[in-house]
Amino acid sequence: GTSVACTWSEVPQVERTHAVLLSQPWWMWGAEMGANDQGVVIGNEAVFTRAVGDRSGTLLGMDLLRLALERAGTAEAAVQVLVELLEAHGQGGQASHEHPRFRYDNSFLVADPTGAFVLETAGRRWAVEEVTGPGRSISNGLTIPVFARAHADPVRGFVASCKPRRARTQRSAAAATGVTDLFAALRDHGQGGAPRWSPVNGALSAPCAHTGGLVTATQSTASWVSDLRTGGRHWVTGTAAPCTSLFKPVHVEQPLDVDPDPMPTNRYDPAYRWWRHERLHRLAMRDYSAWSARLAVARDAVEADWAAAPPPDAEAFATADDLEAGWWSALVARQPHDTRPRWLRSLTGHDARRAGLPAARADG
C-alpha cells in the first residue's frame with residue numbers, strides 16, 4: 001500500500017526488500033552497479049538506440065537496477081523484475097545532472113553464483129540472452145545481434161567508442177581466472193598502456209576512461225569486481241579512476257562507516273574519499289607513464305596480498321587511504337610536467353575550476 005520514491009517518480013513498493021550494497025551517483029536514487037544479500041549482482045550501461053519517441057517513462061536505468069536488487073533473490077528473478085518494471089513504467093527522465101536534456105536507454109549484466117544474463121532495452125522493448133561462455137561484457141552499444149540490428153543508433157555508438165572498448169573487455173572477461181585479472185581489465189588503457197585522448201571523446205576507447213573530449217567528456221567514476229565463488233566478497237574502488245586507486249574488499253552484510261553523511265556532491269570536498277582521490281587522479285594524469293612506473297608497483301603488490309588473504313574491510317580502506325595520501329605527497333613534491341595535449345589541459349583545467357578542485361600544493 002505504500003510507494004518507493006525513485007529519482008524522478010514513485011512506484012508501488014513490495015512487501016519485502018533485500019539488503020543492498022550500491023555504487024551510486026550522488027544525485028539519484030538508483031545505482032550504476034550493486035549487489036544484494038541473496039548473491040545477485042547487476043551492472044548497468046547506457047546504450048544509444050533509435051527509440052527516441054519511446055522514452056515516455058520516468059524510471060532511470062539505474063533506478064531499475066536498484067529496484068531489481070531490492071526485490072529479486074536470483075539472477076533470473078532479477079531479469080523478470082527488470083522486464084516487468086520496464087513494461088509497466090517505461091524508462092526516461094533526466095539522465096544527467098550536468099546535462100538535463102541527455103537521454104539514453106539501458107543494458108544490464110545480471111549474475112548470481114549459478115549463472116548470468118544480459119538484458120538490453122530500447123524504450124519499452126527488450127531482449128535477453130543467457131551467458132553460456134567463459135565471459136561476457138556489455139558496453140555503450142547494444143550487443144545482442146538481432147536486437148542491435150533493429151534498434152542500435154550507430155552514430156552515437158561510434159562517438160561512445162562502444163565497439164573497441166567492448167572488444168577489449170570481452171577478451172579480458174573470457175580470459176580471467178581471478179579477481180586480479182579483472183582489476184587489470186578495468187585498468188586497461190588500450191595499446192601502449194597509457195591513456196590516449198581523442199578530441200572527440202577523450203580516453204573513452206578503453207575501459208579505464210579519463211575525462212576529456214569536446215563531444216563527450218565521460219570518465220570512469222567507480223569500479224567494482226564481484227567474486228561470487230566466495231559467498232559474496234566484492235572489491236570496489238569507491239573512487240573514480242581504477243588505475244590510480246585500489247580495489248578494496250566489501251561485503252553486503254558488513255556496513256562500513258568510511259565517509260561522512262550526506263553523500264558528496266559535484267563540488268570538491270576533501271572530507272570525502274572520492275574527492276580526495278580525484279585530486280590525486282588529476283595530478284597523476286599529467287604524466288601517467290611516470291606515475292605508473294613509480295607507484296603502480298606498490299598498488300599491485302598490496303592487491304595481490306589482499307586477494308590471497310583478504311583483510312577486514314575497514315582495515316583495507318584505512319591502508320588504501322594511507323597509500324593514496326603517500327602517493328599524493330610524492331606527486332606534489334615532484335610536480336610532474338603535464339605531457340598531455342594543450343587542448344586537453346585547457347579542458348580539464350576548466351572542469352577542475354568548475355568543481356572547485358584546489359591547485360596541487362604540499363599543504364593541500
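A short tour of the structure in this document, coming up. (Residues numbered from 1 in each chain as written. Predicted model: local features only at pLDDT ≥ 70, side-chain atom pairs only at ≥ 80, totals over all residues. Heavy atoms only, no water.)

1. Section: the pairing of strand β6 (residues 105-112)
Our working rule: Any residue under 20% of the maximum accessible area for its type is buried, any over 50% is exposed, and the rest in between are partly exposed; the area is computed with a 1.4 Å probe on protein chains only. Helical segments are the DSSP runs of H or I of at least four residues, strand segments are the runs of E of at least two, and each set is numbered from the N terminus. Pairs of strands are assigned from DSSP output, requiring at least two bridges between the strands.
In terms of burial, β6 is a largely internal element, 7 of the 8 residues being buried. Pairing between β6 and strand β7 (residues 115-122): 6 bridges, direction antiparallel. Residue D112 lies in a different strand from β7, and its bridge partner there is G115. Between β6 and β7, which pair antiparallel and follow one another directly, the connecting turn spans 2 residues.

2. Section: the packing of helix α1 (residues 61-71) against helix α2 (residues 75-89)
Between two packed helices, the angle of one axis relative to the other and the distance separating the axes together describe the packing. Cut-off, in case you're wondering: Every angle, taken between N-to-C directions, lies between 0 and 180 degrees, and every axis is a line fitted to C-alpha atoms, over only the stretch in contact when it is a helix. Roughly parallel here means an angle under 35 degrees, roughly antiparallel means over 145, roughly perpendicular means 65 to 115, and every remaining angle is called oblique. Crossings are classed by handedness, with left-handed meaning an anticlockwise turn of the near helix from the far one by less than a right angle and right-handed meaning a clockwise turn. Contact definition: two residues touch when any of their heavy atoms are within 4.5 Å. Only Asp, Glu, Lys and Arg are considered charged, only Ala, Val, Leu, Ile, Met, Phe, Trp, Tyr, Cys and Pro nonpolar, and every remaining residue, Gly among them, polar.
The geometry of α1 relative to α2 is characterised by a closest axis approach of 9 Å and an angle of 130° between their N-to-C directions. Considering the angle they form, α1 stands oblique to α2. For α1 against α2, the interelement crossing comes out right-handed. For the pair formed by α1 and α2, the contact residues are L64, L65, L67, A68 and R71 on the first element and A78, V81, L82, L85 and L86 on the second. Per-class residue counts for the contact of α1 with α2 are 9 nonpolar, no polar and 1 charged.

3. Regarding the side chain of T169
With respect to the helices, strands and loops of the structure, T169 is situated in helix α5 (residues 162-175). Residues within four places of T169 in sequence aside, it is in contact with S137 and P207.

4. Some words on the environment of S161
Relative to the helices and strands, S161 is located in the loop between α4 (154-159) and α5. For S161 and L204, which are 43 residues apart along the polypeptide, the C-alpha to C-alpha distance reads 6.4 Å. With sequence-adjacent residues up to four places away left out, S161 is seen in contact with N201, L204 and S205.

5. Overview of the packing of helix α7 (residues 273-284) against helix α9 (residues 313-334)
Packing of α7 against α9 leaves a shortest axis separation of 10 Å and a crossing angle of 35°. With respect to the hand of their crossing, α7 and α9 are arranged in left-handed fashion. Here R273, R276, H277, R279, L280, L283 and A284 of α7 lie close against α9, whose contacting residues are F317, D321, E324, W327, W328, L331 and V332. When the residues that make up the contact of α7 with α9 are grouped by side-chain class, the tally is 8 nonpolar, 1 polar and 5 charged.

6. A look at the packing of aromatic side chains
This is how the line gets drawn: The criterion for an aromatic pair is that two Phe, Tyr or Trp rings (for Trp, the six-membered ring) have centres within 6.5 Å, with stacked assigned to planes under 30 degrees apart, edge-to-face to planes over 60 apart and tilted to the rest. Our definition puts a charge over a ring when NZ of Lys or CZ of Arg is within 6 Å of the ring centre and also within 35 degrees of the ring normal.
One pass over the structure, following the stated rule, counts 9 aromatic pairs. Look at W8 and W27: their rings are 6.0 Å apart centre to centre, the planes differ by 40°, and that puts the pair in the tilted class. One end of the pair, W8, is in the loop between β1 (3-5) and β2 (10-12); the other, W27, is in the loop between β3 (20-23) and β4 (33-36), with 19 residues separating them in the sequence. With relative accessibility at 40%, the residue W8 sits in the partly exposed group. Through successive ring pairs, a cluster of aromatic residues spans F48, F102 and Y104. If you follow K248 out to its NZ or CZ, it ends over the ring of F317, 5.5 Å from the centre.

7. Considerations on the sheet that holds β6
Sheet architecture is open: 6 strands sit in the order β3-β4-β5-β6-β7-β8, paired in antiparallel fashion. The open sheet has two edge strands, β3 and β8 (125-130), and neither has a second partner. Across this sheet, the average inter-strand angle for adjacent strands is 15°, counted without regard to direction. As paired elements, β3 and β4 share 4 bridges and run antiparallel to each other. Bridge pairing in β4 links V20 to N36.

8. What to know about α7
For clarity, the cut-off: Helix span is expected to be 1.5 Å times the residue number reduced by one.
With 12 residues, α7 extends 16 Å between its outermost C-alpha atoms, agreeing within 8% with the 16 Å of an ideal straight helix rising 1.5 Å per residue. A large share of α7 lies buried, amounting to 9 of its 12 residues. Looking only at α7, the buried set comprises R273, W275, H277, E278, R279, L280, H281, L283 and A284. Buried positions along α7 lie against α8 (288-308), α9 and α10 (342-355).

Just geometry here; none of it tells us what the structure is for.
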